Amino acid sequence: MGGASSMFGHLLVAPIALPLATGMILVLLGRQKLALQRTVSVAVTTVGVAVAIVLAVSAAGGDYTVYRLGDWPAPAAIVLVLDRLSALMVLLTAVVALGSLAYACLGTDRKGSHFHALFQLQLAGLNGAFLTGDLFNLFVFFEVLLIASYCLLLYGGGASRLRAGLHYVTLNLVGSALFLIAVGLLYAVTGALNMADLSLRVAQVAPSDAALLRTAGLLLFVVFGLKAAVLPLYFWLPRSYAAATGPVAALFALMTKVGVYSILRVSTLIFGPLAGPAADLALPWLLPVALATQAAGVLGAVAARDLRRLQAYLLITSIGLMLAGIGLFSQGGLSAALYYLVHSTLIIAILFLLVDTISRQRGPSGPRLRPAAAVAQPALLGILFFVASMGVVGLPPLSGFLGKALVLAATPMDGRGIWLWSVTLTAGLLSLVACSRAGSIVFWSTTATSPAHRRATDESRAASAMTTTDGPTLDGANWRTAPVIALLGAVLLLSALAAPATRYTAATAQQLLTPAGYVNAVLPPR
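Residues numbered from 1 in each chain as written. Predicted model: local features only at pLDDT ≥ 70, side-chain atom pairs only at ≥ 80, totals over all residues. Heavy atoms only, no water.

Some points on the pairing of strand E3 (residues 78-82)
Of all 5 residues making up E3, 4 are buried, and the element is well covered by its neighbours. In terms of strand pairing, strand E2 (residues 65-69) meets E3 through 5 bridges, oriented antiparallel. Opposite Tyr67, over in E3, you have Leu80 as the bridge partner. (Buried < 20%, exposed > 50% of the residue type's maximum accessible area, 1.4 Å probe, protein only. Helix = DSSP H or I, 4+ residues; strand = E, 2+ residues; numbered from the N terminus. Pairing = 2+ DSSP bridges.)

This is the structure:
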């Protein structure tokens, strides 16, 4: 049973229920039926893309769709809320997930047990985090996606993954504990956890409880900062993402966006200008932290000696730019940040998949930035790496350039503007240097290999093209680039449709800055 405010109401639960039910079914299928698991997983994920498109069309008009589980009235009900922002995030998740899953079906899913079940559970957690209208259930969906991510990070085994997984699990357990403490404090001082209800109650907190309220709010932002990988809480990300398999790292590009989404949602809905003693709680910190994150990320990229770590640090750099746009706390800044968020997520996912393909073809050197055997497809992979590097650096005519330009254009020409322009332009230049150096080493600094080295390379390429009874015969060297090209097509589409895309993000920013519509849609008339 559920209550909904539009004809799309019952469809709103599908992005959570479909992958959750599919994950449980895939566990029952077992490892011996990998071909069937692939078919089911890809089919459900494709349906998820279709559902996400329908929901995005529904939200584009500016209406809110509310689904009340059990048809209980808010704020007692567990509610799912669809607005422009959550629809955008669900659609982005579906597109990246389908590309990552298609790549995984070319052999990565063969390295262990229950890959597809874990993948679907991760999707359920991601979509739930974007759609929930309740702070406690945000914590619950965080835990669902984190538990799945622990297993996906370790998927395939190996000492490096185990070491990275230990740090990743430890830090996220600390983050989960802080999240629970923050939620408990908020409930203690407000008596509410529904985000719409909280937005009204925080302004009414007694002066004697104001310090507890601010403490709870700051703890929330610390937790979200940990998930988003901002300075100084980003140190877990490069090692973890570098250790993960290619499609898992591509899917994990969405994980940091859960933190960014949560910061954006909570700072506009709960701790906005009308939050009384906690008004604009994170605003003084967002822009300085964003600039520091952008600087630290690009310095790590320049220093990286491994392709996977390079992409991880470029991801951190992009997080800094997104948060800078959010820190401006204006319609232009938020709109630019959202447009750049979509671009960055797609381009980082592309790079993780592309780096995995390149690493497979370089023999024992893998992703390490040192002279090695030439890749089997130098022209195709070189072009893809060049275009993807243009996207992540922010060169025209791709959407990354427009996203950066929009953030800079939204910046007031005061002290903040000087710092933001300086850091962003310097970060772009250093990112270009880092990507150029990596491309030169991989595609130009090839070595005359020994017979033993050639045999190892041939074995690596053969493993990439292996045929088994678990699935169709696929030549890995030819097929692995297909999901990369498809996702790159999405980036090109975002560039070509920049005008309608920016109109959508501008409308989303305006909706976020006027939270009364969200509150009125979720809560009954008073």
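There's plenty left to go through after this.
With respect to the pattern of salt bridges
Here the structure, examined in full by the defined rule, presents 6 salt bridges. The partner of Asp197 in a salt bridge is Arg201, with the nearest N and O atoms 3.1 Å apart. Highlighted residues: Asp197 and Arg201, both in helix H7 (residues 195-201), separated by 4 residues, approximately one helical turn. On the basis of relative accessibility, which here comes to 31%, the residue Arg201 falls in the partly exposed class. Of the charged contacts, one joins Arg416 and Asp414 as a salt bridge, the two residues approaching to 3.8 Å between their closest N and O atoms. Under the relative-accessibility criterion, Arg416 is labelled partly exposed at 37%. A relative accessible area of 33% means that Asp414 is categorised as partly exposed. (Salt bridge = Lys/Arg side-chain N within 4 Å of Asp/Glu carboxyl O.)

Quick word on a nonpolar patch on the surface
On the surface, Met413, Trp421 and Leu425 cluster together to form a nonpolar patch covering roughly 350 Å² of accessible area. With respect to the helices, strands and loops of the structure, Leu425 is situated in helix H17 (residues 415-443). (Patch = residues over 30% accessible without salt bridge, like charges linked within 9 Å, V, L, I, M, F, W, Y side chains within 5 Å. Areas by Shrake-Rupley, 256 points an atom, 1.4 Å probe, with all protein chains shown as cover.)

Remarks on the confidence of the model for the protein chain
Across the protein chain, the average pLDDT comes to 89, with 92% of residues at or above 70. When mean pLDDT is taken per element in the protein chain, helix H3 (residues 84-104) scores highest with 97 and strand E1 (residues 2-4) scores lowest with 47. (pLDDT = per-residue confidence, 0-100.)

Topic: unusual backbone geometry
The omega torsion across Leu231 and Pro232 is 0°, close enough to zero to call that bond cis. Relative to the helices and strands, Pro232 is located in the loop between helix H8 (210-228) and helix H9 (236-243). Following Pro396, the chain continues into Pro397 via a peptide bond in cis, with omega recorded as 10°. Tracing the chain through its elements places Pro397 in the loop between helix H15 (378-393) and helix H16 (399-409). A positive phi angle is found at Ala229, which is not glycine, with a value near 70°. Take Ala229: it is sitting in the loop between H8 and H9.

A few points about helix H14 (residues 331-361)
In this model H14 runs 45 Å from its N-terminal to its C-terminal C-alpha over 31 residues, within 8% of the 45 Å that 1.5 Å per residue would give. For H14, the buried fraction is high: 29 of the 31 residues fall into the buried class. Backbone geometry just after H14 places Gly363 at a positive phi near 70°. (Expected span 1.5 Å × (residues − 1).)

Some points on the nonpolar core
Counting 175 residues, the largest nonpolar core has Phe179, Phe224, Tyr241, Phe271, Leu307, Ile358 and Val522 as the members making the most contacts within it. By residue number, the principal contributor to this core is H14, which donates 19 residues. (Core = buried A, V, L, I, M, F, W, Y, C linked by side-chain atoms within 4.5 Å.)

Observations concerning the side chain of Asn127
Relative to the elements of secondary structure, Asn127 occurs in helix H4 (residues 115-131). A residue is classified by how much of its surface remains accessible, and Asn127, at 7% relative accessible area, is buried. From its side chain, Asn127 meets the backbone oxygen of Pro15 in a polar contact 2.9 Å long. Apart from the residues within four sequence positions on either side, Asn127 is in contact with Pro15, Ile16, Val90 and Thr93. (Polar contact = N/O pair within 3.5 Å; in protein donor to acceptor, adjacent residues only side chain to side chain. Contact = heavy atoms within 4.5 Å.)

Some thoughts on the packing of H14 against helix H21 (residues 498-513)
Two elements in contact, H14 and H21, have axes separated by 8 Å at closest approach and are oriented at 125°. Taken together, H14 and H21 sit at an angle that is classed as oblique. Here H14 and H21 pass one another in a crossing that is right-handed. Listed contacts from H21 to Gln331, Leu334, Ser335, Leu338 and Tyr339 of H14 are Ala498, Ala501, Thr502, Thr505, Ala506, Thr508, Ala509, Gln510 and Leu513. Here the residues of the contact of H14 with H21 are counted per class, giving 8 nonpolar, 6 polar and no charged. (Axes fitted to C-alpha atoms, helices over the stretch in contact; angles between N-to-C directions. Parallel < 35°, antiparallel > 145°, perpendicular 65-115°, else oblique. Left-handed = near helix turned anticlockwise from the far one by under 90°. Nonpolar A, V, L, I, M, F, W, Y, C, P; charged D, E, K, R; others polar.)

Here's the deal with the packing of aromatic side chains
Overall, the coordinates contain 18 aromatic pairs when judged by the stated rule. Ring centres 5.2 Å apart and planes at 80° place the aromatic pair Phe130 and Tyr261 in the edge-to-face group. Highlighted residues: Phe130 in helix H4 and Tyr261 in helix H11 (residues 255-269), separated in sequence by 131 residues. In this structure, Phe130 and Tyr261 share a single accessibility class: buried. Ring centres of Phe136 and Phe139 lie 5.9 Å apart, and the angle between their planes is 40°; this geometry places the pair in the tilted category. Remark: Phe139 and Phe136 occur in helix H5 (residues 135-153); sequence separation between them is 3 residues, near one turn of the helix. We classify Phe136 as partly exposed; its relative accessible area is 35%. Following the ring pairs from residue to residue traces out a cluster consisting of Tyr150, Tyr168, Trp236, Tyr241, Phe252 and Phe352. When the ring centre of Tyr103 is taken as reference, the NZ or CZ atom of Arg480 above it lies at 5.4 Å. (Phe/Tyr/Trp six-rings, centres within 6.5 Å; stacked < 30°, edge-to-face > 60°. Lys NZ or Arg CZ within 6 Å of the ring centre and 35° of its normal.)

Quick notes on the side chain of Asp83
Relative to the elements of secondary structure, Asp83 occurs in the loop between E3 and H3. With near-sequence residues (within four places) excluded, Asp83 lies in contact with Ala59, Tyr64, Arg265, Gln511 and Tyr518.

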